[in-house]
Amino acid sequence: MNSSPIIQLLVLAGIAIFLILRLKNALGTRDGFEPPRDASAPAARKGPSLEVIDGGPDRDIIDHVPEHSDSAIALTKMKKAEPSFGVSDFLGGAKGAYEMILMGFEKGDIAPLKDFLSEDVYETFEQVVKAREEQGLTIDASFIGVRETALQKATFDNATSEAEVTVRFTGELTYVVRDKDGQIVEGSETEIKRQKDVWTFARVMGSNDPNWQLVATGE
């Protein structure tokens, strides 16, 4: 992403607009404010983990994608390449990774995330964090929780055994952007903002490295 427009902006309003656009490209969109939810309310059950019945459908797959779809076929191949792989388990891990990566980015502390990001994604995050620092902008964010985690697409490369899984997240957080004088230029300290992201994770199935990498972000 080209950061040269940042240098050309001389007023705070321009800086704020540019930053919002960069954040949208890097992490998705933030909708209107949401009322606080009862954190103690139980999450809706999505069904049991898979118990495969001979000749029957794999519930661990079709609970998340349509049976016989391209994504279902790809997930089946992932399981054959790595029998310990579970779709529900993966989504649980992806949910945790979402919080870790999102908050690391918001706080500008992305170095610990390097092993979990592709080179392109890391460089994009690094550019945005650097742009904020150069303009004296700081972000104060608190993660509330994930409202939705849904598998959107899965692919599998037969030649390389590389798997890609695209997940749609809707997170909730409080989010405030301050200028160098500490004045709020975006967000609210008290109201909950809804964050929407579509992230793609990749990994070579059957490899010794258990970590999935974030390879693409969108909305």
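Scroll up to find the structure this text is about.
Residues numbered from 1 in each chain as written. Predicted model: local features only at pLDDT ≥ 70, side-chain atom pairs only at ≥ 80, totals over all residues. Heavy atoms only, no water.

This model, assessed by the stated rule, comprises 11 aromatic pairs. Between tyrosine 98 and phenylalanine 169, the aromatic rings sit 4.3 Å apart at their centres with planes inclined by 10 degrees, giving stacked as the arrangement. Taken together, the residues span a long stretch of sequence, with tyrosine 98 in helix 5 (residues 87-107) and phenylalanine 169 in strand 3 (residues 162-178) at a distance of 71 residues. We classify phenylalanine 169 as buried; its relative accessible area is 0%. Taken together, the ring pairs connect Phe85, Phe90, Tyr98, Phe143, Phe169, Trp199, Phe201 and Trp212 into an aromatic cluster. Positioned over the ring face of phenylalanine 105 is arginine 132, at 5.1 Å from the centre of the ring. (Phe/Tyr/Trp six-rings, centres within 6.5 Å; stacked < 30°, edge-to-face > 60°. Helix = DSSP H or I, 4+ residues; strand = E, 2+ residues; numbered from the N terminus. Buried < 20%, exposed > 50% of the residue type's maximum accessible area, 1.4 Å probe, protein only. Lys NZ or Arg CZ within 6 Å of the ring centre and 35° of its normal.)

This next bit is on the nonpolar core. The biggest cluster of nonpolar side chains holds 45 residues, and the ones touching the most others in it are Leu75, Met78, Phe90, Phe201 and Trp212. Elements with a minimum of two residues in this core: helix 4 (70-81), helix 5, helix 6 (119-134), strand 2 (138-156), strand 3 and strand 4 (184-204). Per element, the largest residue contribution to this core is 10 residues, and it comes from helix 5. When residues no more than four places from it in sequence are discounted, the contact partners of phenylalanine 201 are Phe90, Ala94, Ala97, Ala163, Glu164, Val165, Val167, Phe169, Trp212, Gln213, Leu214 and Val215. (Core = buried A, V, L, I, M, F, W, Y, C linked by side-chain atoms within 4.5 Å. Contact = heavy atoms within 4.5 Å.)

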